[in-house]
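The chain contents come next:
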Amino acid sequence: MTSIDVDWLDAWDVEDGSAQARALFTEVFDAAPDGVWSAPGRGNLIGEHTDYNGGLVLPFALPHRTYAAITRRADRTVRLVSAQEAGTVVTVDLDTVAPGTVTGWVAYVVGVAWALEQAGATLGGFDVAITSCVPYGAGLSSSAALEGSVAIGLDALFGLGHGADDAGRQHLVAACIRAENEIAGAPTGGMDQAAALRSQEGHALLLDCRSLEVRQIPFDLASDGLALLVVDTRAPHALVDGQYAARRDTCEAAAAVLGVETLREVTDLDAALATLAAPGALDASGQDPEVTARRVKHVVTEIARVGEVVSLLDSGRTSEVGAVLSAAHASLRDDYEVSCHELDVAVDAAVQAGALGGRMIGGGFGGSAIALVRVEDAEQVAGEIAAAFESEGLRAPGFLVAVAGGPAS
């Protein structure tokens, strides 16, 4: 067994996280907040880059959460502070918020308020203090956790009434998506926000990104003697640098050529690839035919893999999920080309150390990977991954064992 030190990224107890947010608020604004709300980061068992293609995804809420202490104001001013951003107070006039006017982490907060008002809600200004134990930049959706904590808080403070049931929470999800797409400028799909707001503890969330219907899938790996190890590679990860948007543009161009609304409607992959390969088919879009074919192949096969994993979980064949995860990683690496050296090292080292399978998660180009392991092997696998990173001269990764947590509350 390797003796290398492993950095475990522990989740905060909810009471502790709430207390930290309250303390920061009181220190900065010299008053107690009206309340504290929180929302989880997310893992994703299977279904990567399928959300914006109308496909299926299977995320789950992590126990790691972002906490927002908030108080209503009588004016239209928003004052924001984050423990993760040097504790500097930022002030924004809510009436000036529009696409292109706000940048950085603040955009994810005021963007939610803007989107709720765009949807017809009546809000006012507010003071907010943020703190979080969701690993930042790890592909575990710290952004959606931030949006979700603010959305559920504003919903309660301004009496919008959306947070009481799943149907209402869909409105909050829509506002968070719009905030991220239009104000923060990240063209993501809706999986992360749905996981933050619509998940249930002990379950994975089967989300149909076309109909927005959900099904809660029991997800208790420990009862099967298994665990899901998450590896934060600490490789730089960003979804606003153009690579993510390029993949989305390629998929939308392919769908247009195929005459379908999204790639979810592709039922015959071979026929679709033949259509895309026809001379001149993609000329108007400016997309490369060979690259487009690989992108489409990943999306169509990944949607099928979501169905396969759900069937395995439903039938109690949980250990067989590992092979599907590994197949997904190969597809993300070779066809969608969103992996990177650190992610490949993490997955390869995990499998070599005895994991049942693994893959990168999140948008890619950095971030995190997951590995399905036997409970008794979790520490050993983590140690072997850490050793592989050290031998490659890479920054030491962080680890957590994922347990399906609850939604924003």
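Residues numbered from 1 in each chain as written. Predicted model: local features only at pLDDT ≥ 70, side-chain atom pairs only at ≥ 80, totals over all residues. Heavy atoms only, no water.

### Some thoughts on the domain arrangement of the protein
Here is step 1: Here the protein is partitioned into domain 1 (14–218) and domain 2 (221–402).
Here is step 2: Domain 1 and domain 2 are separated by 25 Å when their C-alpha centres are compared.
Here is step 3: Regarding the contact of domain 1 and domain 2, the summed buried area is about 3200 Å², with carbon and sulfur atoms giving 65% of it.
Here is step 4: Counting across the domain 1 and domain 2 interface gives four salt bridges. (Domains from an automatic or database assignment. Buried area = accessible area lost by both parts, 1.4 Å probe. Salt bridge = Lys/Arg side-chain N within 4 Å of Asp/Glu carboxyl O.)

### Some words on the packing of aromatic side chains
Here is step 1: Applying the stated criterion across every chain, the model contains five aromatic pairs.
Here is step 2: Aromatic pair tryptophan 8 and phenylalanine 399: ring centres 5.9 Å apart, planes at 50°, arrangement tilted. Separated by 391 residues along the polypeptide, tryptophan 8 in strand S1 (residues 7–8) and phenylalanine 399 in strand S12 (residues 398–402) bring together distant segments of the chain.
Here is step 3: It is arginine 295 that lies over the ring of tyrosine 336; its NZ or CZ is 5.9 Å from the centre. (Phe/Tyr/Trp six-rings, centres within 6.5 Å; stacked < 30°, edge-to-face > 60°. Helix = DSSP H or I, 4+ residues; strand = E, 2+ residues; numbered from the N terminus. Lys NZ or Arg CZ within 6 Å of the ring centre and 35° of its normal.)

### Side note on the pairing of strand S10 (residues 357–361)
Here is step 1: Counting buried residues along S10, five of its five residues qualify, which places the element largely inside the surrounding structure.
Here is step 2: Looking at chain direction, S10 and strand S11 (residues 368–374) are connected through five bridges and run antiparallel. Bridging across to S11, methionine 360 finds its partner in alanine 369. (Buried < 20%, exposed > 50% of the residue type's maximum accessible area, 1.4 Å probe, protein only. Pairing = 2+ DSSP bridges.)

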